[in-house]
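Residues per chain, in single letters:
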Amino acid sequence: MNYEDMVKNQAGEMVENLIAETLGKKTFDIRYDYNDSEQWSVISTHTDEDNEISLRAYGADDYFLYFGYYDEDDDFHELLQQLSPEIKNSIPKPLQNAMEKVLNDEQGMRLPGNFLSK
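The structure reproduced in this document is the subject of the present report. Please read these numbers as outputs of a predicted model, since none were measured by experiment.

**Focus: the nonpolar core**
Inference 1: In this structure, Ile 30, Leu 55, Leu 83 and Leu 95 are the most contacted members of the largest nonpolar core, which totals 28 residues.
Inference 2: With 6 residues, the top contributor of residues to this core is helix 2 (residues 11-23).
Inference 3: Apart from the residues lying within four places of it in its own chain, the contact partners of Leu 83 are Ala 11, Val 15, Leu 55, Tyr 63, Phe 64, Leu 65, Lys 88 and Ile 91.

**With respect to helix 2**
Inference 1: The first and last C-alpha atoms of helix 2 sit 18 Å apart over 13 residues, in line with the 18 Å expected at 1.5 Å per residue.
Inference 2: Residues of helix 2 that are buried: Ala 11, Met 14, Val 15, Leu 18, Ile 19, Thr 22 and Leu 23. Viewed end-on, helix 2 has its buried residues packed into an arc of 155°, placing them on one side of the element. Exposed residues on helix 2 whose side chains face more than 90 degrees from its buried face are Glu 16 and Ala 20.

**Points about the sheet that holds strand 4 (residues 62-70)**
Inference 1: If you trace the 6 strands from one edge of the open sheet to the other, you get 5-4-3-2-1-6, paired in antiparallel fashion. Of all strands in the sheet, those with a lone pairing partner are strand 5 (76-82) and strand 6 (109-112), marking the two edges. Put simply, the sheet's adjacent strands are angled 30° from each other on average, direction ignored.
Inference 2: Relative to strand 3 (residues 52-59), strand 2 (residues 38-46) runs antiparallel, the two sharing 6 bridges. Of the residues in strand 3, the one forming a bridge with Ile 43 is Leu 55.

**Let's talk about helix 4 (residues 93-105)**
Inference 1: Here helix 4 contains 13 residues, and its C-alpha end-to-end distance of 18 Å stays within 8% of the 18 Å for a straight helix at 1.5 Å per residue.
Inference 2: When helix 4 is considered as a whole, its buried residues turn out to be Leu 95, Gln 96, Ala 98, Met 99, Glu 100, Val 102 and Leu 103.
Inference 3: Positive phi appears at Glu 106, one or two residues downstream of helix 4, with a value of about 55°.

Thresholds, definitions, all that
Residues numbered from 1 in each chain as written. Predicted model: local features only at pLDDT ≥ 70, side-chain atom pairs only at ≥ 80, totals over all residues. Heavy atoms only, no water. Core = buried A, V, L, I, M, F, W, Y, C linked by side-chain atoms within 4.5 Å. Buried < 20%, exposed > 50% of the residue type's maximum accessible area, 1.4 Å probe, protein only. Helix = DSSP H or I, 4+ residues; strand = E, 2+ residues; numbered from the N terminus. Contact = heavy atoms within 4.5 Å. Expected span 1.5 Å × (residues − 1). Arc of directions from axis to C-beta. Pairing = 2+ DSSP bridges. Axes fitted to C-alpha atoms, helices over the stretch in contact; angles between N-to-C directions.

Here you go:
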């Protein structure tokens, strides 16, 4: 399976694994980022193969899975897959709220990995 198919067909599993890894850390960052007129909040991780997997929130109903990777020619590629309402609803509501706050405040934040249990 190539990366395009993986992102398209396994987005839910990839988001679930990203959230589990993120919340398993002692602390994690939700970053604010932008490009031209677009802005988003993001949590991300890197794989052993130097691939980046991120969850991006562009607004309350616009959540995307981002996957960045290098091909065999060492060219960098980016894939962006909008999440279905079902996958978006599987993201813990406190995490959604924190990501939307970062987006609205245009300022990142650091949270403890166990902030959902508080």
